[in-house]
Amino acid sequence: MLVPRYGYPAQFDDVDGLTRSITDLMLSGDYILGKPVEQFERAFADYCEARHAVGLNSGTDALILALHALGIGPGDEVVTVANTFHSTVLAIARVGATPVLVDCTDTDYMMDLDLLEAAVTPRTRAVVAVHMFGEVLDMDRITAFTGKHGLALVEDCAQAVGARRRGRPVGTFGDIGCFSFHPSKNLAAAGDCGAAVTGDAALAERLRRLRGLGQQGQNDHVELGYSSRMDSVQALVLSHKLPRLDAWNRSRRALAERYTAALEGSAVTVPAASTAHVFHMFQTVVPERDRTLAALREAGVDAVVRYPVPIPGQPAFAPYAFAADAFPHADFLARNALCLPLRPDMDHDDVDLVAGTLRSITG
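Rules used throughout
- Every chain is numbered independently, its residues counted from 1 as its sequence is written.
- Thresholds applied to this predicted model are a pLDDT of at least 70 for local features of residues and 80 or more for the giving and counting of side-chain atom pairs; totals over whole chains, interfaces and linings are not thresholded and use all residues.
- Side-chain numbers come from the whole structure's heavy atoms, not from hydrogens or water.
- DSSP-based pairing: two strands are paired if at least 2 bridges between them are found.
- The way it works is that DSSP assigns letters per residue, a run of H or I at least four long becomes a helix, a run of E at least two long becomes a strand, and they are numbered from the N terminus.
- Axis lines are fitted to C-alpha atoms, over the contacting stretch for helices. Their N-to-C directions set the angle, which ranges from 0 to 180 degrees.
- Lining residues are those with an atom within 4 Å of a point, where the points come from a 1 Å grid over the protein atoms alone and group into cavities, where a 1.4 Å probe fits but cannot get out, or pockets, open sets with protein on both sides within 12 Å along at least five of seven lines.
- Grid points are joined across faces, edges and corners, and a volume is the space filled by probe spheres set on the points.
- Side-chain classes follow a simple rule in which Ala, Val, Leu, Ile, Met, Phe, Trp, Tyr, Cys and Pro form the nonpolar group, Asp, Glu, Lys and Arg form the charged group, and the remainder, Gly included, forms the polar group.
- We count a salt bridge whenever a side-chain nitrogen from Lys or Arg sits within 4 Å of a carboxyl oxygen from Asp or Glu.
- Three exposure classes are used, based on accessible area relative to the maximum for each residue type with a 1.4 Å probe and protein chains only: buried under 20%, partly exposed in between, and exposed over 50%.

Undergrad: Break down the sheet that holds strand 3 (residues 98-102) for me, with residues and values.
TA: The sheet built from 7 strands is open, its strands ordered 1-9-8-5-4-2-3 with mixed pairing. Both edges of this open sheet fall to strand 1 (52-56) and strand 3, since each of them pairs with a single strand only. In this sheet, neighbouring strand axes are inclined to one another by 25° on average, regardless of whether the strands run parallel or antiparallel. With 3 bridges joining them, strand 2 (residues 77-81) and strand 4 (residues 124-130) adopt parallel strand pairing.

Laid out in structure tokens, this is it:
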């Protein structure tokens, strides 16, 4: 079960056709943005049922540019969850705003929406809602909350591409939805890139301007922007994979259901999961996590720990002086959570082998 960190050959079922497209692209010189990116942007916007998609060079930049486009900056506060990836909070800090963290729940490990009200101050300008692990937050509650307080809403969909709530795709509930196509994601590029989606034409135009060094025309720099343009090769890879994403997500859900059934009654805790979950990760809580991880890897199982140091404990965020005892559930997960391997190319025998190995280790 040990596999390379990235790269799933099963995702390239027509690699010859993709290779020909990449060869033609190399000969054309259309390397950055251009037709392949425009075509992927249209296809991804349609897939997300959004009016606009803007291709960028990473999911991190998607978050940064989204906050920038919304006018978030110094003096503003932005609320998000404590048990997220570094990029979520980095983006808030990068635009000069102050991150305000709330804890996750102890049931589904998602942002505890009951804590949002207490996090709001007169300086609060936005919420970054994170769809962690492939699960979908209760966007009805969050949009009602942001509407009540007049706050901008950014969705961090890096781990939940293709997920839907009540039939509506993630990324379309807020002002801007941000996606990562890092090689580890459910929709994986062959390098780093990302995208932002929005229904607002003015926001889409500003995102496009920001990604291109603040230009509204050649050498006409009307604001300080970024160099954050999607490469055409990555657009070709993503266009090749996008039609297959829903099938891969269905496979992920089926494998997760198999894991859940196989681990029932064991010492392993599996978090609550909605039917919207697309299982970018299969999170569990296990006894003696570090010993269990070592034993699994010794047995050839590619289990991993994600976020062993939560955001409040990261040295990079020390200047924000987060209270050490304010995030007990995030701290608990950092000490006890373990991700089991889950990829669309796995089968039930693989799941049974991993689950059986884990049960034998944990009792």
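Undergrad: Account for the layout of surface pockets, with residues named and values stated.
TA: Considering only enclosed or pocket space, the second largest pocket measures out at about 210 Å³ in volume. Taken together, 16 residues make up the lining of the second largest pocket; nearest its centre are Asp 108, Leu 113, Val 136, Leu 137 and Asp 138. In terms of residue class, the lining of the second largest pocket is built from 6 nonpolar, 3 polar and 7 charged.

Undergrad: Report on the pattern of salt bridges, specifying residues and quantitative values.
TA: Considering all chains together, one arrives at 16 salt bridges under this definition. The residue Arg 141 makes a salt bridge to Asp 114 at a minimum N-O spacing of 3.0 Å. Residue Arg 141 is found in helix 6 (residues 139-149), and its partner Asp 114 is found in the loop between strand 3 and helix 5 (116-119); the two are separated by 27 residues along the sequence. Of the residues examined, Arg 141 reaches a relative accessible area of 41% and is grouped as partly exposed. Residue classification places Asp 114 among the exposed positions, given a relative accessible area of 59%. One salt bridge connects Arg 258 with Asp 352, and the closest N-O pair in it is separated by 2.7 Å. Taken together, the positions of Arg 258 in helix 9 (residues 245-263) and Asp 352 in helix 12 (residues 348-362) put the pair 94 residues apart, joining distant regions of the chain.

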